[in-house]
Amino acid sequence: MPLSTAHVPTPRPARYLKQLVSHLGHKATTSLTPDGRGVITIAAGTCHLTPTPDGLALTAAAVDGESLARVEDVVARHLVRFAAQEGLAVEWTAPVDGGELEPTPPVVGEYLLSHHTPADDILGELAAVTREATAGAARMQVSSDEGALLTMLTRLTGARFAVEVGVFTGYSTLCIARGLADGGTLLACDVSEEWTAIGRPYWERAGVADRIDLRIAPALETLRALDDEPVIDIAFIDADKGGYPAYYEEIVRRLRSGGLVVLDNVFLGGRVLDPAYRGADELAMRGLNGLVAADERVEAVMLPVRDGVTIARRR
Ligand SMILES: C[S@@+](CC[C@H](N)C(=O)[O-])C[C@H]1O[C@@H](n2cnc3c(N)ncnc32)[C@H](O)[C@@H]1O
């Protein structure tokens, strides 16, 4: 329920944004980013403000409908007052539930799926066999465009030592293994013998099975057993969501300078954006997203690919 947006047409978005942040800063927590975006947090919730070429974009979020209405009211009332001479009107969209958000409109998602270097027959067959063998769990598999992205990132880093947390039936594993430099190794972590066994024949057919060191154990144990040195060139995290913060930490401390850590599902189906979702996974992912953005050891970018992908590069 508790997310809403408004676009307020005005020729002076930056001016009103600054005025709001400064005025409300006396009774709320506010901040202004170097690129001119603002965040206002009152007890009821938060409003993000972004200047656009023709106005001010507002996104309000709160834990319930009543609190959301309060955030909307505080921001709109002040804005209308500051821009009295313009006669501004603030029209909020109907509240939406974060769990219903589509990070990418389906029509765009379909277009992306049909405009990347296509998956080959081996990947296509692995995807088909996964659907047959694992029923509903098959949606855990990365999409073909995300798989292509993983191969490309692995190649771009010239990776010789990669780590994957969350193998499932080995689609992303195959994509990463294919991008490795000659003689490279992928340390692939999962807890399921059953699921990972489905992938092995496909790794063999693709000629990369000898590059994949599959470890069946809780990933944290496998990661902590690695040398505490910058040995990792690229890592992909796609396992139990509550474990992400610990996986990220164990990986970043071992990333070589210029190495990448790629995190999947950083939107958690949109629930991360909606403060009403306060389950352990949402809290862990929301916290981690903030931590990565502020982590001075890396430079990071979040992409709206599928369910959200963060790429962080070790400085
Ligand atoms: C989302 S799936 C991975 C999908 C995979 N990347 C792909 O593209 O097919 C998550 C995987 O994480 C594994 N997993 C869950 N908890 C784990 C843990 N503590 N350690 C290692 N793997 C774990 C599950 O067994 C499951 O195979």
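What counts as what
Residues numbered from 1 in each chain as written. Predicted model: local features only at pLDDT ≥ 70, side-chain atom pairs only at ≥ 80, totals over all residues. Buried ≥ 20, exposed ≤ 12 C-beta atoms within 10 Å, placed from the backbone. Helix = DSSP H or I, 4+ residues; strand = E, 2+ residues; numbered from the N terminus. Pairing = 2+ DSSP bridges. Right-handed = clockwise from strand over helix to strand, strands pointing away. Expected span 1.5 Å × (residues − 1). Arc of directions from axis to C-beta. Contact = placed C-beta atoms within 7 Å.

1. Brief notes about the pairing of strand E6 (residues 161-165)
Next up, step 1: Extensive coverage of E6 is indicated by the burial of five of its five residues.
Next up, step 2: Of the two faces of E6, both are covered, the one formed by Phe161, Val163 and Val165 as well as the one formed by Ala162 and Glu164.
Next up, step 3: Two strands pair when backbone bridges link them, and E6 and strand E7 (residues 185-190) are joined in this way by five bridges, in the parallel orientation. Across the sheet, valine 163 pairs through a bridge with leucine 187, a residue of E7.
Next up, step 4: Considered for its hand, the β-α-β crossover made up of E6, helix H6 (residues 171-179) and E7 is right-handed.

2. Thoughts on helix H1 (residues 13-24)
Next up, step 1: A rise of 1.5 Å per residue sets the reference length of H1, with its 12 residues, at 16 Å; its end C-alpha atoms lie 16 Å apart and thus fit the reference within 8%.
Next up, step 2: Of all the residues in H1, the buried ones are Pro13, Tyr16, Leu17 and Leu20. One side of H1 holds all its buried residues, which, seen down the axis, span an arc of 105°.
Next up, step 3: In this structure, the buried side of H1 is in contact with strand E3 (38-42), strand E4 (45-52), strand E5 (55-62) and helix H2 (65-82).

No statement about biological role is implied by the geometric values presented.
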